[in-house]
Amino acid sequence: MNLPRIGRTAEDLLAELARLTEHDLPVRGGQVTSYVYDTGRPEVHDAAARAYAAMLEVNCLDPTAFPSIVEMEKQVVGAVADLLGGGHGIFTSGGTESIMLAVKAARDAASRPRPNLVLPVTAHPAFHKAAHYLGAEVRPVPVDLGTFKADVRAVSAAMDEDTVLVVASAPSYPQGVIDPVGEIAAIAAEAGVFCHVDACVGGWLLPWLREAGADVPPFDLSVPGVTSISCDLHKFGYAPKGASVVLFADPAMRRRAYFASAAWPGYTIINATVQSSRSAGPLGGAWATLQALGREGYVELGRATLEAADRLRAGLAGIGGLRVLGSGSTLVAFTSDDADVFVLADEARARGWFLQPQLSYAGIPANLHITVTGVTLAGVDAMLKVIAESAEAARRLGPPVVPDGLVELITGLDLDALDDATFSELAASVGVDLRPGSGQPRMAVVNAVLDALPAELREAILVRFLSVIYS
Ligand SMILES: *Cc1c(COP(=O)(O)O)cnc(C)c1O
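Remember, it's a predicted structure, so these values are computed and weren't measured experimentally.

Here we take up helix H2 (residues 42-55). Helix length check: H2, at 14 residues, gives a terminal C-alpha distance of 20 Å against a target of 20 Å (1.5 Å per residue), a fit within 8%. Contact partners of the buried residues in H2: helix H3 (67-83) and helix H10 (281-317).

Right, let's get into unusual backbone geometry. Trans peptide bonds make up most of the peptide bonds, and negative phi angles are found at most residues other than glycine. Look at the link from Ala170 to Pro171: it is a cis peptide, with omega at -10 degrees. Following the sequence through the fold, Pro171 ends up in the loop between strand E4 (163-169) and helix H7 (181-191). In this structure, Tyr35 is a non-glycine residue whose phi angle is positive, near 75 degrees. You can see Tyr35 is positioned in the loop between helix H1 (10-20) and H2. Even without glycine at this site, Ser111 takes up a positive phi of about 45 degrees. Residue classification places Ser111 among the exposed positions, given a relative accessible area of 57%.

A large share of strand E1 (residues 88-92) lies buried, amounting to four of its five residues. Relative to strand E7 (residues 244-248), E1 runs antiparallel, the two sharing five bridges. Counted as the bridge partner of Phe91 is Val245 from E7.

This part is about the domain arrangement of the protein chain. Domain annotation for the protein chain reports domain 1 (47-290), domain 2 (294-397) and domain 3 (406-469). Using only C-alpha atoms to locate each centre, domain 1 and domain 2 end up separated by 28 Å. Contacts between the two partners involve 25 residues from domain 1, matched on the other side by 29 residues from domain 2. It is Tyr173, Gln175 and Trp208 in domain 1 that bury the most area against domain 2; as a group they hold 26% of the surface buried on that side. Summed over the shared surface of domain 1 and domain 2, the number is one salt bridge. Residue Glu211 is joined to Arg295 by a salt bridge in which the shortest nitrogen-to-oxygen separation is 2.8 Å. For the pair domain 1 and domain 2, the number of links is seven residue pairs in polar contact (both at pLDDT 80 or more). At the level of elements, helix H8 (206-211) and H10 are the ones that each hand at least two residues to the side of domain 1 that touches domain 2. Ranked by residue count, the leading element in the side of domain 1 that touches domain 2 is H8, at three residues. Looking at the side of domain 1 that touches domain 2 residue by residue, the class counts come to 18 nonpolar, six polar and one charged.

With that settled, the discussion passes to the packing of aromatic side chains. Centre distance and the angle of the planes are the two values used to describe a pair of aromatic rings. Counted by the stated rule, this structure contains seven aromatic pairs. On the basis of an interplanar angle of 35 degrees and a centroid distance of 5.5 Å, the ring pair of Tyr35 and Phe354 is categorised as tilted. In this pair, Tyr35 is assigned in the loop between H1 and H2 and Phe354 in the loop between helix H11 (341-350) and strand E12 (356-358), connecting sequence segments 319 residues apart. With a relative accessible area of 46%, Tyr35 lands in the partly exposed category. Between the aromatic rings of Tyr37 and Phe236, the centroid separation amounts to 5.1 Å while the plane-to-plane angle is 85 degrees, which identifies the pairing as edge-to-face. Taken together, the residues Tyr37 in the loop between H1 and H2 and Phe236 in the loop between strand E6 (228-232) and E7 connect sequence positions 199 residues apart. Among the residues examined, Tyr37 registers a relative accessible area of 8% and is labelled buried. Taken together, Tyr37, Phe236 and Tyr238 form an aromatic cluster joined through their ring pairs.

Taken together, 13 residues lie near the ligand, and Gly95, Thr96, Asp198, His234 and Lys235 sit nearest. Between the ligand and Asp198 there is a distance of 2.6 Å, counted from a nitrogen atom to a side-chain nitrogen or oxygen. Contact between the ligand and His234: an oxygen atom at 2.8 Å from a side-chain N or O atom of the residue. Burial of the ligand by the protein amounts to 85% of the accessible area it has alone, namely 390 Å². Examining the composition of the shell around the ligand, we find that three residues originate from one element, helix H4 (residues 95-110), more than from any other. Its residues assigned to classes, the shell around the ligand shows five nonpolar, five polar and three charged.

Scoring rules and cut-offs
- Residues numbered from 1 in each chain as written.
- Predicted model: local features only at pLDDT ≥ 70, side-chain atom pairs only at ≥ 80, totals over all residues.
- Heavy atoms only, no water.
- Helix = DSSP H or I, 4+ residues; strand = E, 2+ residues; numbered from the N terminus.
- Expected span 1.5 Å × (residues − 1).
- Contact = heavy atoms within 4.5 Å.
- Buried < 20%, exposed > 50% of the residue type's maximum accessible area, 1.4 Å probe, protein only.
- Pairing = 2+ DSSP bridges.
- Domains from an automatic or database assignment.
- Buried area = accessible area lost by both parts, 1.4 Å probe.
- Salt bridge = Lys/Arg side-chain N within 4 Å of Asp/Glu carboxyl O.
- Polar contact = N/O pair within 3.5 Å; in protein donor to acceptor, adjacent residues only side chain to side chain.
- Nonpolar A, V, L, I, M, F, W, Y, C, P; charged D, E, K, R; others polar.
- Phe/Tyr/Trp six-rings, centres within 6.5 Å; stacked < 30°, edge-to-face > 60°.
- Near = heavy atom within 4 Å.
- Areas by Shrake-Rupley, 256 points an atom, 1.4 Å probe, with all protein chains shown as cover.

Now the structure itself:
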């Protein structure tokens with residue numbers, strides 16, 4: 001930005017924002033099947049936006065200065081606790097922060113010299129991130145390759161006396177299946193180890209699906225042995241981003257998540273979250289969304305998502321060559337035996353629909369992920385038609401052409417010896433344009449290359465990619 005010499009008007013700025021976001025994926029309408037959660041009810045999102053704006057400048061840094069945040073947080077956390085078996089909670093900025101706090105509390109309470117976390121390979125990378133930040137080791141355990149649920153015996157075998165936390169997902173994101181929470185929590189309890197249920201995506205969804213008639217096994221703090229649970233309100237709570245809750249069964253564990261410091265000559269620091277200065281906007285947005293929808297609103301959305309997911313799964317099974325992975329709830333993943341899924345995703349994108357690619361991992365094939373939300377039902381037939389056409393096109397086109405020797409070349413690269421400009425040139429030489437404004441590239445080649453690399457190398461390349469696009 002050329003910082004303007006004199007200030008610009010709001011109209012002028014908003015007009016420019018409209019131009020800047022022109023090439024973004026649309027956040028409403030249901031044609032983007034991940035990242036965004038749309039109720040299909042604009043008045044709900046409008047109420048949230050207004051409450052968000054009303055609280056925008058309030059700072060959660062000091063609850064004594066702004067008592068409104070204490071009251072609102074107690075109400076929001078209380079609503080989540082009512083739904084998920086009680087507990088003592090913290091309002092956080094998202095699933096990652098909720099998980100970070102749960103891991104911190106477990107690490108500090110267990111106090112082991114070399115703490116480790118035992119988690120299914122389908123658990124969210126937020127646990128790897130928390131372990132990385134907090135100095136813990138991750139012990140991944142396999143899932144059943146038919147059901148995609150955590151292998152309980154493998155969980156048990158991976159635990160030792162330095163295990164501070166065992167994880168189960170309800171559901172896991174990739175295939176949307178609920179791990180055997182009761183069995184995993186029982187093993188953890190027997191060993192005296194904390195057990196976190198990652199219900200980031202399902203916490204504010206599964207109870208409503210259950211009320212709408214779905215068969216949902218117990219998964220929350222009411223299950224013996226479960227010591228903490230995370231629930232993102234900015235997913236199926238349909239609140240604006242920056243809204244999640246972590247609940248601890250034991251109030252002493254919540255205190256382990258807190259941080260205070262008086263070790264400087266400035267104001268005293270008391271933080272419930274990783275962030276210190278923090279807008280109350282997301283809290284206001286979540287508070288408003290929960291009440292703008294109400295119980296009936298959520299049950300109705302639950303019903304609509306269930307019906308949409310059923311129709312989607314049945315429709316996908318009816319498209320030749322496609323295969324749904326697992327019998328998950330309202331997160332639907334599918335692969336194909338005769339069409340390249342990355343090409344399929346590009347074809348769908350060219351037709352105005354975004355399907356989220358997931359790379360092959362731990363024996364699970366590359367696939368595409370659809371998060372079914374409230375708005376999906378209205379467009380489910382259109383979505384299926386696009387998927388069928390895209391699958392047909394992908395079959396015709398065949399797999400993406402990865403330049404000969406490219407994967408070997410990358411595998412042999414000393415990435416640390418390359419600066420961003422050289423990396424960018426290298427990418428361009430194989431047909432991948434990373435320059436800003438180069439439009440929405442067909443991603444199949446990139447995904448195919450990543451898919452052929454081991455996870456550590458994928459990570460190194462992804463970090464490089466981020467660095468290049470911001471340079
Ligand atoms: C989304 C998600 C997370 C991480 O949440 P963020 O809000 O993106 O930080 C963790 N676990 C599961 C199962 C999720 O779906």
